Amino acid sequence: MAARTPRPLSGFPELLPEERVVEDHVLDVLREVFELHGFAGVETRAVEPLSVLLRKGEIDKEVYAVRRLAEVAEEGAAAGAGGDDVLALHYDLTVPFARYVLENAGKLAFPFRRYQVQKVWRGERPQEGRFREFRQADVDVVDAGSLAPHHEAELPLVMADAFARLPLPPVVMQVNNRRLVEGFYRGLGLADTASVMREVDKLDKTSPERVRASLVDGVGLGEREADACLALATLRAEPGSTGFVDEVRGLGVRDELLDQGLDELAAVVAATGAVGGGSFRVVADLSITRGLDYYTGTVYESRMTGYEHLGSICSGGRYDALADDGRTTYPGVGLSLGVTRTLVPLLQRGLLRASRPTPTAVLVAVADEEHRAASAAVAAALRARGVATEVAPSAARFGKQIRYADRRSVPFVWFPQEDGSHEVKDIRSGEQVPADPATWAPPAEDARPTVAWHEPTA
RNA sequence: GUGGGUGUAGCUCAGCUGGUAGAGCACCGCGUUGUGGUCGCGGUGGCCGCGGGUUCGAGCCCCGUCACUCACCCCA
């Protein structure tokens with residue numbers, strides 16, 4: 001059988017070295033910012049028992065089951081009856097974290113602040129910005145018994161700090177509160193609130209008229225109820241403004257849960273209004289109802305300006321009942337940044353680029369194989385002072401050795417001279433000067449690959 | 001899971017009513033015998049996604065299948 005070029009697997013993205021430099025840079029920044037805010041790093045195993053991932057009878061979450069090959073042979077026996085024994089790849093980092101908290105509650109100090117950067121897997125149909133294997137960066141605060149509400153404002157501030165340091169388009173975070181929405185619907189006397197949320201959530205993709213139509217014809221609301229739902233969902237607020245509270249009250253619906261949700265949302269918006277410096281802002285948006293089903297209060301979504309079609313790149317919310325061992329409940333709030341969703345579309349457009357694909361700052365030329373040791377000694381001296389250095393792979397013509405460096409955007413080529421002296425050439429300018437392996441260093445901006453945003457050329 | 005689109009060189013694509021497979025880029029070599037990039041010339045590289053059918057003859061037509069892709073669903 002002839003060897004065929006392997007095809008990419010849809011939904012399982014793999015980056016080229018130059019793209020990987022960008023991702024690594026972003027991950028470095030996230031880690032730095034999360035730790036600056038006092039979050040401890042945690043990693044959980046890739047698999048969980050299926051029963052942990054599928055709570056309360058949800059059957060078709062798009063999870064990948066993991067089985068031993070030998071088990072597959074005995075199809076059927078393991079499939080139906082397995083229960084807890086069936087393993088599955090985690091589809092987010094929050095559910096495994098909740099399990100981790102329960103398992104280690106005795107060893108953790110609460111409120112517990114953790115960040116977690118790992119891949120997750122979902123068996124969905126991929127398209128731009130949607131993958132089957134992708135990386136998320138999560139920050140969560142979990143407490144035992146009760147969780148102070150100010151954490152719901154703290155997490156957007158952490159992300160604001162991160163985005164301020166990343167070379168990305170401006171991000172707008174939209175915040176809403178499920179208690180507010182649930183209470184409003186309840187106050188209207190609606191029974192099937194989940195279906196209403198589902199339709200309302202399509203507002204960003206279709207027109208209010210169509211949503212209204214499906215609320216009336218599909219979900220079965222009366223004209224007045226449908227109008228009220230739309231009126232609520234179309235409310236917006238500028239950063240820091242809590243004017244929406246009076247606007248909601250003005251809609252005339254009264255409900256205890258609604259009042260609680262309004263207070264919570266107002267508190268988050270008021271505390272986050274001043275941040276971002278242009279790279280990140282937080283606004284109340286009462287149409288945001290989406291997200292995982294375990295969110296109970298505050299919910300977040302975020303979009304990159306100009307790339308809204310990718311959907312939310314950073315979402316999360318408050319979950320009051322996800323972790324519960326029967327005696328103690330551990331409420332939490334968290335945000336999840338979709339690293340892959342954010343980066344891959346920008347990388348493919350060439351908007352986010354690394355200055356070079358390899359760390360190498362200096363290539364030491366090799367005059368001939370007899371003198372390779374001399375070149376290796378130069379490389380060792382440079383590396384001892386932190387200069388990323390490699391030795392030319394072959395003693396080809398110097399022209400080819402320079403081209404080897406040029407192809408990789410390695411900025412400097414080092415030439416050991418016959419008389420024992422040295423010269424280093426900046427191959428971008430062509431300038432070649434005497435240099436000492438014991439003291440020479442590249443300019444700081446050339447020491448390692450750098451990452452930059454490149455405006456689309458119109 | 002449902003519906004649409006597309007599969008030709010490593011990449012981007014052309015290929016007429018069916019008549020023996022093409023371009024640009026990339027890569028390699030030479031011009032340039034120890035300092036790259038430009039330029040010129042030359043070269044490597046194809047089960048035309050896979051299987052079947054129609055035909056004297058299929059990249060092209062028909063059927064199936066797989067993959068990729070877009071939309072729905074859902075969501076980072």
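Refer to the preceding data block for the structure.
These figures come from a predicted structure and were not determined experimentally.

### Brief notes about the overall build of chain A
Inference 1: Each helix and strand counted, chain A has 15 helices and 18 strands in total.
Inference 2: Counting only C-alpha atoms, chain A reaches 90 × 60 × 50 Å along its principal axes.
Inference 3: For chain A, the residues scored as buried account for 47% of the 458 residues in total.
Inference 4: Intrachain contacts of chain A at a sequence separation of at least 6 include 70% that bridge at least 24 residues.
Inference 5: About 22,300 Å² of surface is accessible on chain A, with carbon and sulfur atoms providing 51% of the total.
Inference 6: If you average the places of the 53 positive and of the 68 negative side-chain charges in chain A, the two averages end up 4 Å apart.

### Some remarks on the nonpolar core
Inference 1: Among the nonpolar cores identified, the biggest contains 77 residues, and Leu 30, Phe 34, Met 159, Phe 163, Tyr 185 and Phe 244 are the most heavily contacted of them.
Inference 2: No other element matches the eight residues that helix α1 (residues 17-36) contributes to this core.
Inference 3: Setting aside anything within four residues of it in sequence, one finds Met 159 in contact with Phe 34, Ala 137, Val 139, Phe 280, Cys 314, Leu 335 and Leu 337.
Inference 4: Grouped together as the second largest cluster of nonpolar side chains are 22 residues, Ala 361, Val 364, Ala 392 and Trp 440 included.

### Concerning the protein's contact with RNA strand B
Inference 1: The local shell around RNA strand B holds 44 residues, among which Ser 10, Arg 130, Arg 198, Arg 290 and Ala 367 are the closest.
Inference 2: Put simply, 51% of the atoms of RNA strand B that lie within 4 Å of the protein are in sugar or phosphate.
Inference 3: Contact distances for RNA strand B include 2.2 Å between a phosphate oxygen and a side-chain N or O atom of Ser 10.
Inference 4: Between Glu 128 and RNA strand B, the recorded distance is 3.4 Å, taken from a backbone N or O atom to a phosphate oxygen.
Inference 5: Secondary-structure elements contributing two or more residues to the surface near RNA strand B are β6 (133-142), β10 (314-324) and α15 (398-407).
Inference 6: In terms of residues, the surface near RNA strand B owes the most to one element, α15, which gives eight residues.
Inference 7: A class-by-class count of the residues in the surface near RNA strand B yields 15 nonpolar, 12 polar and 17 charged.

### Concerning the pattern of salt bridges
Inference 1: According to the stated counting rule, one finds 27 salt bridges in the structure shown.
Inference 2: Arg 20 serves as the salt-bridge partner of Asp 24, at 3.2 Å between the closest nitrogen and oxygen. Highlighted residues: Asp 24 and Arg 20, both in helix α1, separated by four residues, approximately one helical turn.
Inference 3: With relative accessibility at 32%, the residue Arg 20 sits in the partly exposed group.
Inference 4: Ionic pairing is found between Glu 124 and Arg 130, a salt bridge with its closest N-O pair at 3.0 Å.
Inference 5: Arg 130 sits in the partly exposed class, given a relative accessible area of 29%.
Inference 6: When salt bridges that share partners are traced, they join Glu 152, Arg 179, Glu 264, Arg 318 and Asp 320 into one network.

Rules used in this analysis
Residues numbered from 1 in each chain as written. Chains lettered and ligands numbered in written order. Predicted model: local features only at pLDDT ≥ 70, side-chain atom pairs only at ≥ 80, totals over all residues. Heavy atoms only, no water. Helix = DSSP H or I, 4+ residues; strand = E, 2+ residues; numbered from the N terminus. Buried < 20%, exposed > 50% of the residue type's maximum accessible area, 1.4 Å probe, protein only. Contact = heavy atoms within 4.5 Å. Areas by Shrake-Rupley, 256 points an atom, 1.4 Å probe, with all protein chains shown as cover. Lys, Arg positive; Asp, Glu negative; His and termini not counted. Charge placed at Lys NZ, Arg CZ, Asp CG, Glu CD. Core = buried A, V, L, I, M, F, W, Y, C linked by side-chain atoms within 4.5 Å. Near = heavy atom within 4 Å. Polar contact = N/O pair within 3.5 Å; in protein donor to acceptor, adjacent residues only side chain to side chain. Nonpolar A, V, L, I, M, F, W, Y, C, P; charged D, E, K, R; others polar. Salt bridge = Lys/Arg side-chain N within 4 Å of Asp/Glu carboxyl O.

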